[in-house]
Structure formats: structure tokens, C-alpha cells
Number of protein chains: 2
Amino acid sequence: QEIFKEVQELQNKQKELEENGLKFREQYNEGYRELGGIISSLDKNEKSTKALSSRLSSLIKSDKSIASMEETKELSKQLQQINLKIKDSKSKFIPETGSIFVRLFLGQVNVKHYRESEKFRLKQEYEKFKMKTNPQFLLFVVLLYLYPDRSFVTTSWQIWLLYYYVTLALRENILLVNGSKIRNWWIMHHYISIVGSLTNLLWPTGGSFSYFLPQITYFSGCQGIVQMLSSRYQQGQLYKQVAMGKASVIDVTGESDGWTPSALFLLPFLLFVQLFQLYNSFCFFAYSYRNNFDLHDWQVISSGLIFLLLGSGNLYTTITTYYYKYFK
Amino acid sequence: QEIFKEVQELQNKQKELEENGLKFREQYNEGYRELGGIISSLDKNEKSTKALSSRLSSLIKSDKSIASMEETKELSKQLQQINLKIKDSKSKFIPETGSIFVRLFLGQVNVKHYRESEKFRLKQEYEKFKMKTNPQFLLFVVLLYLYPDRSFVTTSWQIWLLYYYVTLALRENILLVNGSKIRNWWIMHHYISIVGSLTNLLWPTGGSFSYFLPQITYFSGCQGIVQMLSSRYQQGQLYKQVAMGKASVIDVTGESDGWTPSALFLLPFLLFVQLFQLYNSFCFFAYSYRNNFDLHDWQVISSGLIFLLLGSGNLYTTITTYYYKYFK
Ligand SMILES: CC(C)(COP(=O)(O)OP(=O)(O)OC[C@H]1O[C@@H](n2cnc3c(N)ncnc32)[C@H](O)[C@@H]1OP(=O)(O)O)[C@@H](O)C(=O)NCCC(=O)NCCS
Ligand SMILES: CC(C)(COP(=O)(O)OP(=O)(O)OC[C@H]1O[C@@H](n2cnc3c(N)ncnc32)[C@H](O)[C@@H]1OP(=O)(O)O)[C@@H](O)C(=O)NCCC(=O)NCCS
């Protein structure tokens, strides 16, 4: 029968496929061997650069007149450039685990990707995650508003926040290894937020906790809305990058772009939330002061510190970011 | 000066390195294009196999006499074999995100590795993590024993457990994508443990919580010690694989191997802990029964259910594993 022949054909095709698979593996391993070569010569070049730099500076020390010579200046400029190039190559090629935070969750494994499309995908997944979780964040705030005295609601909310901040910090660390220019503060800010959630989880209900809950609820409502705006803004930035051809359009799943706020539009909202954070910090400290810094209520002081750090760090980083954007 | 020449040389070397880098990228992308080809022909082969199978079965239906022919039997056997091969190739080549659990933390990104050394590293990091955290686990049990009425201690312990189970489940899911034969139950068992920690976190101190704390402390002590033994056993298994040449020795960081228990030695300890889990479940249910299944104390019922699931699932999976090991 003819079906017999077709099965035979299929068998051949599958065999061919398996051979291609082997070829792929070989090529892949070959690629990594080459990468190994690149990494070791990178290492050598770095050492030579250091050696040459120190030789140059000791030459200058032994004979001051050399320092002013055109040639010397030219040399040290060249060395600096090589150094920059080496750094750049390192960030492109050397496998990295990312910070200790990634290591805590995934172990000491490489999280660097070598394809642009894969890197872009990481970023896109990160922004998509924020978009998807913003409504959840606001939903929790509504629940908190409706049922402030249910410890079930407050604890669930803190556990959810814990998850939220942990996965954000994890993804941001991986993005960082893959060439994102995200400022370290924004990651640090999520670490501090993790400590904040832990503080809240360790805070017995009643007493100071109930006293502060309404304020925290209002604050979180504002934060949630502003996060929604920021995340629309970041989505817009991502689309801009696509439009500028930094990423190919095929990679982008066809989602609505719609209206996205500009950086300037966002600014007053950000400042509002950040000043609110400083105000929270003030309220916590004032409460603690009235109670003579009672250490049984250490959660109050801890929350005050956390809001102080968050508020001032956010404010400082936002202002410098805008300064560089518009005046440099 | 000669330093001038050396800088020049260094510059050339760095340029060469960058060219190699470009070459590596090209080769790497070429590899992935080939992978893309493999994946699409895999898809085609799968479809043809299905089509042929259904044609064969409809042929058999239309003419019963064909079914008993040698040729037909041969054909369906071949088709089955092809199917197996296709499945095997799929698990080797098709990029995968892993389960929804991985997606929750890392987003929809590929976690499959294509190099044996990288896969082995994942496994090794996983076992190393267990080894390192076992003493921490026991330390918490000691703290729990010494300070049972400090909500700070009990809550910290549950938060730590949350982290512990989340990272284990995350790593196990990634291992699974990378060809580990870990049974699904052991991952499921960590999901259930996560729900267990959440239940504990949502459990107000005092009342039923304080009633059960001593029993849970004793149980956790036993569990911690048995985990220590299991993890030594798994470390031993890993070394066996190295010895059998499945992984190259270079990959293994030179850590002490020392004494490792055999599977049979381990068995009574495992059974003890698993029966303890069932006993816990019984105690929780009995308590809830005495209180007419009071739903305000839902944590009691939830813990009972969790221990029931854990105990019976662990027992069942352990027994089948040993059965296959020694009688098949
Ligand atoms: C100030 C702000 C609008 C600037 O954003 P921006 O225009 O993207 O800034 P930059 O151009 O410096 O961004 C550089 C990189 O960092 C990323 N980034 C910037 N701010 C980030 C943030 N808060 N979280 C995560 N990533 C951020 C950008 O996406 C970009 O990534 P890329 O290199 O992978 O493309 C933004 O940082 C922001 O919204 N900050 C306020 C956060 C805050 O205060 N939150 C608390 C209250 S809700
Ligand atoms: C029963 C047991 C000893 C068998 O272990 P084993 O000999 O490695 O079993 P298998 O040969 O079937 O292992 C297959 C794979 O699953 C892994 N695996 C087995 N049990 C595992 C577990 N409990 N957790 C994580 N991985 C496990 C093995 O490392 C192996 O991985 P690999 O394919 O990557 O090499 C082991 O499953 C075990 O310790 N179970 C009891 C766990 C328990 O009850 N815990 C609660 C009380 S402490």
C-alpha cells in the first residue's frame, strides 16, 4: 500500500531532523567554545590595559616633563578608550548570574541572553506584567477600604505585595544583566518595599496598625493610580523604541498602544506620591515620638524609616532623571 | 617609546576581539535559525504522523481483515516509534517557559538550556541550595522551640518557609523543562507547602494556633533531620552520575562527598515523617470536629487538609518509586 511508503518517508524525515538536531547542538557548542575564547582574551586584554596604564603613570612620576607631552596625553586617552571598549564587551559577553537577589531564587546560573529578540522579550514581559497587575493592586486597595478590620484582607494584601515586589526585583535584575539602563535605585526601591511588606506582615493587628491603616489605604490608592500612569508611559517608551527600529515589530504582540502620557505629564503625579511618602514618614515618626519611641512598636519606626528612604530616594532619582532628560 | 607600540597592539587585539564577538553573535543567531527550522519540521512531522495514524485506523475500520495482517501491525508499531522520537525531539529542542509557576515569577521566557554542562549546573545548584538551607531550617525549629509565644519568631519562620518553597518549586520547574525525571508530585508537594505557609501566616496567634504549635515544632524538627538525610542521599546520586560519566568531572566543584545514605537506609525515616503528616492531619480534623467545624477557625481545617494531601501523596509516591526501583 501507499501508506507504507509514506510512513517510510516520515521515518526518513524524522531521521533527518534528528541529524539536524545534532548539527545544531554541535554548532551551538562550537559557539560557546568561541565565546570561551572571547572571554579569555577579554581577560588578557584587561590585564594588559591595567599593566600599561600603571607603567604609563610610573613613567610620568619618574619624569614630570613627560606628563605635558602631546604623545602622553594621546596615549592615556587611547588607554581610556580601550578600557571603555573592554567594559562594553564584558557586559555583552561575560555570562552573569546577576545580583545576589537572583542567586537567592535561581542559584548561580547565567541569565544573560545573546539575542536581541530575547532581550526585548524580557523587557516586554516585564512591562506587560506591570500592566496586568495594576488593576489587582487597586482591587486590593478597594478591599482594604471596605474591610479594614479583617486581618485576612490585610495579610493577603501584604503577601500579594511580597510576591509583586519580589518578581519585579527579580525581573529588573535580569534586565540589568541584559543591558537595560534602569537605574539601580529603582531596584533598590523594590528591595526596600520588600522589607516594608515584611514589616507589615510582622505587625500585629490592632493598636498602631489600625491607627495607620486608613492613611496607608489612601496612600496606596494614590500610588496605584500613579503606577498605572507610569506603566502606560513605559509602554509608550517601548513602542517608541520599536518605531525607531531598535526592536523588530514582529517581536511585538499586537496590543493596543492608545494614549500614553508624556514624561512631563507624569511628573506632578510622581512628585505628589513621593511627597506623600515623606509625609507618611513624618506621621510615623511623630507617632513614635509621642510614645517615647516605644520599641515594642518597632514596626512604626521601621515603617517611618522605610517611607523616608523611599520618598527621598525616589524624589532624588526622579529629579536627576528629569534634569538629565531636559537640560543635558 | 615602546609603550606606544604596545598600546597600538592592545588596540588591535581589542578590535580583533570585537570582530570575534560579532562572529559569535552571527553564529549564535545562525544556530537559532537552524533551531527554528528544526522546530517547524518537527511540527510538520507531528502532523503527518497524526494524519497517517488516523488513515491507518480508518483503513482498518473499513476492512477488518487488514487489522490482523503482519504489515499493518508493523506499520502501527513504526508509527508509534516515530511518535516517541518526535516527543523526545520536542523535549530536547522546543523552547519552553515551564509551568505557570515559572511564568508568574519570570514571565513568558524560554528556560530551556541546550548545553549539558548548563543543565547539570542547574541540578547541582539545586542540590547545593538544599544542603545549605537545611541547617537554617533546623535553626528555625530551635528558635520556635525556645520562643513559642513570640509572634515575631513564628511569622519569620513562615515567611522563610514561603521563600524556601517558592524557590524550590521554581528551580524544580526549570529542572523539569531541562530533562529532569523528577516526578510531578514532588513539585506539587511544594505548591501545597506554599499554601500551608500562607495558611499559617493568616492564622492569628493564640487559640488554636498556640494549641498546635508544639506539635508542629516537633514535627518540623523530624522533617528537618530527614530532609538533611535525603539531601545527602541526592548528593550521592549526583556523584554517581558523575562517576558514570553522565556529567564531566570538571563541572563539579570539588566539594566533600563523604558518607551518603542508601535509598533503603532512607526509607524508614521517610515513612516515619509521612506517617507523622497523616497523624497531624488526624489531630487537626479531630480538633475541628470537637469544635463543630467552626469556620472562624478555618486554618485548622485547611491545615488538616494540607497534611492529609502531603502525607498520602508523599506516601503513595515514595512507595511507587521504591517499587519501581527494586521490583521492576
Ligand atoms: C522618572 C521616570 C518617569 C523616568 O523614566 P524613563 O524616562 O524611562 O527614564 P530613563 O530614560 O532614565 O530609563 C532608563 C531605563 O530604566 C527603565 N526605568 C526607568 N524608571 C523605571 C522604574 N521606576 N522601574 C523600572 N524601570 C524603570 C526604563 O524603562 C529604561 O529601560 P531600558 O534601558 O531597558 O529601555 C521613571 O523612572 C519613573 O516613573 N519613576 C518614578 C517611580 C516612582 O517614584 N514610583 C513610586 C511612586 S508610584
Ligand atoms: C523516594 C526518594 C528517596 C527517591 O529519590 P530518587 O532515588 O532520586 O528517585 P528517582 O530515581 O525516581 O529520581 C528521579 C529524579 O527526581 C529527582 N527527585 C526525586 N525525589 C525528589 C524530591 N523529593 N525532590 C526533588 N527532586 C527529587 C531526582 O533527583 C532525579 O532527578 P534527575 O532525573 O534530574 O536526576 C525521594 O523521592 C525522596 O526523598 N522522597 C521523599 C520526600 C518526602 O517525603 N519529603 C517529605 C518529608 S521530609
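Residues numbered from 1 in each chain as written. Chains lettered and ligands numbered in written order. Predicted model: local features only at pLDDT ≥ 70, side-chain atom pairs only at ≥ 80, totals over all residues. Heavy atoms only, no water.

**Student:** Would you explain the site of ligand 2 in this entry?
**Tutor:** All names here are of chain B. Within the structure, ligand 2 sits among 22 residues, and Lys123, Lys181, Tyr233, Gln274 and Lys325 are positioned closest to it. For ligand 2, an oxygen atom lies 3.5 Å from a polar atom in the backbone of Ile182. Within the side chain of Trp186, a nitrogen or oxygen atom sits 3.4 Å from a nitrogen atom of ligand 2. Across the complex, the protein chains shield 87% of the 890 Å² of accessible surface that ligand 2 would expose by itself. Within the residue set of the shell around ligand 2, elements represented by two or more residues are α5 (116-146), α8 (208-243), α9 (263-290) and α10 (298-327). By residue class, the composition of the shell around ligand 2 is eight nonpolar, nine polar and five charged. (Near = heavy atom within 4 Å. Polar contact = N/O pair within 3.5 Å; in protein donor to acceptor, adjacent residues only side chain to side chain. Areas by Shrake-Rupley, 256 points an atom, 1.4 Å probe, with all protein chains shown as cover. Helix = DSSP H or I, 4+ residues; strand = E, 2+ residues; numbered from the N terminus. Nonpolar A, V, L, I, M, F, W, Y, C, P; charged D, E, K, R; others polar.)

**Student:** When you look at the pattern of salt bridges in this model, what are you seeing that I'm missing?
**Tutor:** If the charged atoms of two oppositely charged side chains come close together, the side chains can form a pair. Residues and elements named next belong to chain B. Enumeration over the complete set of coordinates arrives at 20 salt bridges over all chains. Taking the shortest distance from any N to any O, the salt bridge between Glu127 and Lys123 comes out at 3.9 Å. Of this pair, Glu127 and Lys123 are both found in helix α5, four residues apart, which corresponds to roughly one turn of the helix. (Salt bridge = Lys/Arg side-chain N within 4 Å of Asp/Glu carboxyl O.)

**Student:** Could you clarify how one ought to interpret the packing of aromatic side chains in this entry?
**Tutor:** Summed over the entire model, instances satisfying the criterion amount to 76 aromatic pairs over all chains. Ring geometry for Tyr163 of chain A against Phe105 of chain B: centres 5.2 Å apart, planes inclined by 85°, an arrangement best described as edge-to-face. Placement of the pair is Tyr163 of chain A in helix α6 (residues 151-177) and Phe105 of chain B in helix α4 (residues 100-106), with the two residues belonging to separate chains. Assigned by exposure class, Tyr163 of chain A and Phe105 of chain B land together as buried. Geometrically, the ring pair formed by Phe137 of chain B and Trp160 of chain B is edge-to-face, given 6.2 Å between the ring centres and 70° between the ring planes. (Phe/Tyr/Trp six-rings, centres within 6.5 Å; stacked < 30°, edge-to-face > 60°. Buried < 20%, exposed > 50% of the residue type's maximum accessible area, 1.4 Å probe, protein only.)

**Student:** How should I be thinking about the environment of Leu17 of chain A in this particular structure?
**Tutor:** Counting through the fold element by element, Leu17 of chain A comes out in helix α1 (residues 2-62). Under the relative-accessibility criterion, Leu17 of chain A is labelled buried at 2%. Considering only alpha carbons, one finds Leu17 of chain A and Val195 of chain A, 178 residues apart in sequence, at a separation of 51 Å. Once residues lying within four places of it in the same chain are set aside, the contact partners of Leu17 of chain A are Ile38, Ser41, Leu42, Asn45 and Ser89 of chain B. (Contact = heavy atoms within 4.5 Å.)

**Student:** Got a minute to help me understand the environment of Tyr289 of chain A in this structure?
**Tutor:** You can see Tyr289 of chain A is positioned in helix α9 (residues 263-290). The sequence separation of Tyr289 of chain A and Ile301 of chain A amounts to 12 residues, and the corresponding C-alpha distance is 9.4 Å.

**Student:** Help me out: how do you make sense of the nonpolar core in this one?
**Tutor:** The tendency in soluble globular proteins is for nonpolar side chains to be buried side by side. Formed by 62 residues in total, the largest nonpolar core has its most connected members in Phe105, Leu106 and Trp157 of chain A together with Phe105, Leu106, Trp157 and Tyr164 of chain B. Contributing elements (two or more residues each) for this core: α4 (100-106), α5 (116-146), α6 and α7 (184-201) of chain A together with α4, α5, α6 (151-177) and α7 (184-201) of chain B. Once residues lying within four places of it in the same chain are set aside, the contact partners of Trp157 of chain A are Phe137, Phe140, Val141, Leu144 and Ser220 of chain A. With 36 residues, the next largest nonpolar core counts Phe93 of chain A together with Leu17, Phe24 and Ile82 of chain B among its residues. (Core = buried A, V, L, I, M, F, W, Y, C linked by side-chain atoms within 4.5 Å.)

**Student:** Just checking my understanding: could you explain the site of ligand 1 for this structure?
**Tutor:** Residues and elements named next belong to chain A. In the vicinity of ligand 1 there are 22 residues, among which Lys123, Lys181, Tyr233, Gln274 and Lys325 approach most closely. Between ligand 1 and Trp186 there is a distance of 3.3 Å, counted from a nitrogen atom to a side-chain nitrogen or oxygen. Within the side chain of Tyr233, one N or O atom sits 2.6 Å away from an oxygen atom of ligand 1. Taking 890 Å² as the accessible area of ligand 1 by itself, protein coverage stands at 86%. Contributing elements (two or more residues each) for the shell around ligand 1: α5, α8 (208-243), α9 and α10 (298-327). Top contributing element to the shell around ligand 1 by residue count: α8, with six residues.

**Student:** In this structure, what is going on with the confidence of the model for chain A? I would like to understand it.
**Tutor:** Parts of the model with low pLDDT should not have their predicted coordinates read in detail. When pLDDT is averaged along chain A, the result is 89, and 95% of the positions lie at 70 or above. Scored below 50 in pLDDT, residues 249-254 of chain A shows 10 contacts in the model against residues more than four places distant or in partner chains. (pLDDT = per-residue confidence, 0-100.)

**Student:** Where do I start with the interface of chain B and chain A in this structure?
**Tutor:** Chain B puts 76 residues into the contact, and the matching count from chain A is 77 residues. Taking both partners together, chain B and chain A bury about 7500 Å²; carbon and sulfur atoms supply 65% of that area. One can count four salt bridges joining chain B with chain A. As a salt-bridge pair, Glu6 of chain B and Arg55 of chain A come within 3.2 Å of each other at their nearest N and O atoms. There are 23 residue pairs in polar contact (both at pLDDT 80 or more) connecting chain B and chain A. Elements represented by at least two residues in the side of chain B that touches chain A include exactly α1 (2-62), α3 (70-93), α4, α5, α6 and α7 of chain B. A total of 34 residues in the side of chain B that touches chain A trace back to one element, the largest contributor, which is α1 of chain B. Residues that form the side of chain B that touches chain A fall into these classes: 37 nonpolar, 20 polar and 19 charged. (Buried area = accessible area lost by both parts, 1.4 Å probe.)

**Student:** How do you make sense of the relation of the copies chain B and chain A when you look at a structure like this?
**Tutor:** Taken together, a rotation about one axis and a shift along it account for how the two chain copies relate. Rotating chain B by 180° and moving it 0.0 Å along the rotation axis overlays it on chain A with an RMSD of 0.1 Å. This pairing of chains is accounted for by a two-fold axis. Rotation axis and chain B: the residue whose C-alpha lies nearest the axis is Tyr28 of chain B, separated from it by 3.4 Å. (Least-squares fit on C-alpha atoms with pLDDT ≥ 70 in both.)

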